[in-house]
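Observations on the three-dimensional arrangement
The primary structure of each chain is shown beneath.
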Amino acid sequence: MKIQLRTTFNRASIKARIKTANKEALKTVSMQALKDANQYAPEDQHDLVNSSLTNSEPEKGILRWATVYARMQYYGVVMAGKPPKVATNKPLKYTKPGAHKMWAHYARSKHGEKWRKVYQEELRRLMKNG
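Attention here is on the structure that accompanies the text. Note that this is a predicted model, so its numbers are computed, not measured.

In this model, helix 1 (residues 11-40) (30 residues) spans 43 Å end to end at C-alpha, consistent with the 44 Å of a helix rising 1.5 Å per residue. For helix 1, every residue scored as buried is listed here: A21, A25, V29, S30, A33, L34, D36, A37, N38 and Y40.

Aromatic ring pairs are reported here in terms of the distance separating the ring centres and the angle at which the planes meet. Considering all chains together, one arrives at four aromatic pairs under this definition. Ring centres of Y40 and Y106 lie 4.8 Å apart, and the angle between their planes is 80 degrees; this geometry places the pair in the edge-to-face category. Linking Y40 in helix 1 with Y106 in helix 4 (residues 103-129), this pair joins segments that are 66 residues apart in sequence. For Y40, a relative accessible area of 14% corresponds to the buried category.

Along the chain, the position of Q73 falls in helix 3 (residues 70-75). Residue Q73 is classed as buried on the basis of its relative accessible area of 14%. Aside from chain neighbours lying at most four places away, what touches Q73 is P42, L48, L92, Y94, K101 and W103.

About the thresholds
Residues numbered from 1 in each chain as written. Predicted model: local features only at pLDDT ≥ 70, side-chain atom pairs only at ≥ 80, totals over all residues. Heavy atoms only, no water. Helix = DSSP H or I, 4+ residues; strand = E, 2+ residues; numbered from the N terminus. Expected span 1.5 Å × (residues − 1). Buried < 20%, exposed > 50% of the residue type's maximum accessible area, 1.4 Å probe, protein only. Phe/Tyr/Trp six-rings, centres within 6.5 Å; stacked < 30°, edge-to-face > 60°. Contact = heavy atoms within 4.5 Å.

Shown next, in the form of structure tokens:
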């Protein structure tokens, strides 16, 4: 007995579903990454962390800390002199327990595997539920 089977599908529709699911999964994993990275960001009246919430673009996978001192804090160096200040070779001493220089990189080293799983699970869920 011979069975013939022919399958057709709308390639454009599938491509659009994948693109939409990818965009939503990227946003989900970016929000998780931002939350995790902010655990390790230094605090100064919460301005640094708050700036990441208002200046990041999770739908594009962009995390951004936008304060005057964010770069200095991120690289962990003391700035000195009259404005414009310049970086010194002196390391910053963070007062927040668990704070690290290059906190987004540090968060990736600690949570990167979890982020990969979050993305995969979200993409799978979105593709399944269409």
